[in-house]
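# Close look at the chain arrangement
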Amino acid sequence: MLAVETEWKAASAGPQALPGFCGHSRLRLPLAGRACDAQLLRYDAAGFHVSAFAAAGIAMPATIERSVQKRQAEFFFGRLAAALAIQEHGHAAGQVTIGAMREPVFPAALAGTITHTGSVAAAAVLPAYYCQGFGIDIEQPIAASSIDSVEQLVLDRFERILLQGLAQLPYPTALALVFSAKESFYKAVARAVGRIFDFSALRLEAFDLTAQRMRFVTQEALCADWPSGRRCEVAFCLLAGGEVLTAFSW
Ligand SMILES: CC(C)(COP(=O)(O)OP(=O)(O)OC[C@H]1O[C@@H](n2cnc3c(N)ncnc32)[C@H](O)[C@@H]1OP(=O)(O)O)[C@@H](O)C(=O)NCCC(=O)NCCS
């Protein structure tokens, strides 16, 4: 069930020389009926330098220029992963700008999504005619000191019982998967919904470890496309670095 990250066989002009770069791989996302690779970049934020933006042809917004090194590195490697994903779809890389809800704005022909956590960034795109929204999210297993607060934020009573009954996965990983799935869902539907909404809007109903899917049902009306009671499946995989990755498109 551990995802296979295919190592990138880079041309000489690849990102290896960029400060902070640690590795690049592709990961086939287990999306139902949709073939899609995520571009994964491993990086060391402490080794990052802003000269990478010019070297890779990625625009550095003023807000990022003023940010701490960790934020600069995650923004950069997220955008670099997005550029690789766009290029792999045969489009010119262009710039992925920042939208009104802080969402990444991809070329109009593509639905794209970005995530980063600690030392890994990822991005993926699908043709826009293919889907209305797309979200991926990576999380570390939840640290012991954060279990209580994340449970309170993310789970209701029903979901707690369901997760506690999952013997095959360590609880910090299972909790991270549900947290991540809800964030992937949020990223995919945020534009259609047009506002931030709570984790209680989505309830976990079923967890299929073999099929690498979680089934959720909306608990409130979010917008015309997402009335209360609509079901959806979020795909997931476990990365070689111990992180969880979830993906949702609709
Ligand atoms: C936006 C959000 C989902 C980001 O998740 P995160 O785990 O903190 O961060 P990640 O690293 O996975 O993702 C960050 C990226 O998400 C993307 N993003 C930010 N806002 C977004 C939005 N409204 N829609 C889609 N993508 C968005 C950005 O590309 C961002 O990276 P960047 O700022 O470097 O460009 C989260 O901060 C948030 O605001 N959640 C809202 C509440 C929620 O999730 N409710 C659950 C409902 S079921």
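Note that the coordinates shown come from a computational prediction; the quantities given were computed from them, not determined experimentally.

### Topic: the site of the ligand
Taken together, 21 residues lie near the ligand, and Arg 71, Arg 79, Thr 115, Asp 137 and Glu 183 sit nearest. One nitrogen or oxygen atom from the side chain of Glu 183 is found 2.4 Å from an oxygen atom belonging to the ligand. About the coverage of the ligand: the protein hides 86% of its 920 Å² of free accessible area. Elements represented by at least two residues in the shell around the ligand include exactly helix H3 (69-88), strand S6 (110-117), strand S8 (134-139) and helix H6 (171-193).

### Some remarks on the pattern of salt bridges
With the rule as written, the count across this model stands at 13 salt bridges. Residues Arg 28 and Asp 37 are paired through a salt bridge, measuring 2.7 Å at the closest nitrogen-oxygen approach. Since its relative accessible area comes to 23%, Asp 37 is described here as partly exposed. With a closest N to O distance of 3.7 Å, Glu 151 and Arg 160 form a salt bridge.

### Digging into the packing of helix H4 (residues 147-154) against H6
One can describe the packing of H4 onto H6 by two numbers: an axis separation of 11 Å at closest approach and a directional angle of 35°. Considering how the two elements wind past one another, H4 and H6 form a crossing that is left-handed. Here Ile 147, Val 150, Glu 151, Leu 153 and Val 154 of H4 come into contact with H6, specifically with Tyr 171, Pro 172, Leu 175, Val 178, Phe 179 and Lys 182. Its residues placed into classes, the contact of H4 with H6 shows nine nonpolar, no polar and two charged.

### Thoughts on the domain arrangement of the protein chain
When the domains of the protein chain are assigned, the result is domain 1 (6-131) and domain 2 (138-249). Here the C-alpha centre of domain 2 lies 23 Å away from the C-alpha centre of domain 1. The partner domain 2 presents 21 residues to the 16 residues of domain 1 that form the contact. Overall, the association of domain 1 and domain 2 removes approximately 1,400 Å² of surface from exposure, summing both partners, and the carbon and sulfur fraction of that is 64%. Interface area lost by domain 1 to domain 2 is led by Pro 30, Met 101 and Thr 117, which between them contribute 37%. Across the domain 1-domain 2 interface, the total number found is one salt bridge. Among the ionic pairs, Arg 42 bridges to Glu 243, the shortest N-O distance being 2.9 Å. Joining domain 1 to domain 2, the criterion identifies five residue pairs in polar contact (both at pLDDT 80 or more).

### Things to note about H4
Inspection of H4 places Ile 147, Val 150, Glu 151 and Val 154 among the buried residues, and these make up the whole buried set. Buried positions in H4, seen along its axis, are confined to an arc of 105° and lie on one side of it. Seen from the open side of H4, the exposed residues pointing more than 90 degrees away from its buried face are Asp 148 and Gln 152. Each element contacted by the buried residues of H4 is listed here: helix H5 (157-164) and H6.

### What about the pairing of strand S3 (residues 37-43)?
For S3, a buried count of five out of seven residues is recorded, marking the element as mostly surrounded by other parts of the structure. Looking at chain direction, strand S2 (residues 21-28) and S3 are connected through seven bridges and run antiparallel. By the bridge assignment, Gly 23 is partnered in S3 with Arg 42. As paired elements, S3 and strand S7 (residues 120-127) share four bridges and run antiparallel to each other. Directly across from Leu 41, in S7, lies its bridge partner Ala 121.

### Quick notes on the confidence of the model for the protein chain
The predicted model of the protein chain has a mean per-residue pLDDT of 93, with 95% of residues at 70 or higher. Confidence drops under pLDDT 50 across residues 8-12; counting only partners more than four residues distant or on other chains, this segment forms eight contacts.

### Observations concerning the environment of Thr 218
For Thr 218, the position within the fold is in strand S10 (residues 213-218). Between the alpha carbons of Thr 218 and Leu 31 there is a distance of 20 Å; along the sequence they are 187 residues apart. Setting aside anything within four residues of it in sequence, one finds Thr 218 in contact with Phe 185, Ala 201, Leu 202, Trp 226, Pro 227, Ser 228, Gly 229 and Arg 230.

Analysis parameters
- Residues numbered from 1 in each chain as written.
- Predicted model: local features only at pLDDT ≥ 70, side-chain atom pairs only at ≥ 80, totals over all residues.
- Heavy atoms only, no water.
- Near = heavy atom within 4 Å.
- Polar contact = N/O pair within 3.5 Å; in protein donor to acceptor, adjacent residues only side chain to side chain.
- Areas by Shrake-Rupley, 256 points an atom, 1.4 Å probe, with all protein chains shown as cover.
- Helix = DSSP H or I, 4+ residues; strand = E, 2+ residues; numbered from the N terminus.
- Salt bridge = Lys/Arg side-chain N within 4 Å of Asp/Glu carboxyl O.
- Buried < 20%, exposed > 50% of the residue type's maximum accessible area, 1.4 Å probe, protein only.
- Axes fitted to C-alpha atoms, helices over the stretch in contact; angles between N-to-C directions.
- Left-handed = near helix turned anticlockwise from the far one by under 90°.
- Contact = heavy atoms within 4.5 Å.
- Nonpolar A, V, L, I, M, F, W, Y, C, P; charged D, E, K, R; others polar.
- Domains from an automatic or database assignment.
- Buried area = accessible area lost by both parts, 1.4 Å probe.
- Arc of directions from axis to C-beta.
- Pairing = 2+ DSSP bridges.
- pLDDT = per-residue confidence, 0-100.

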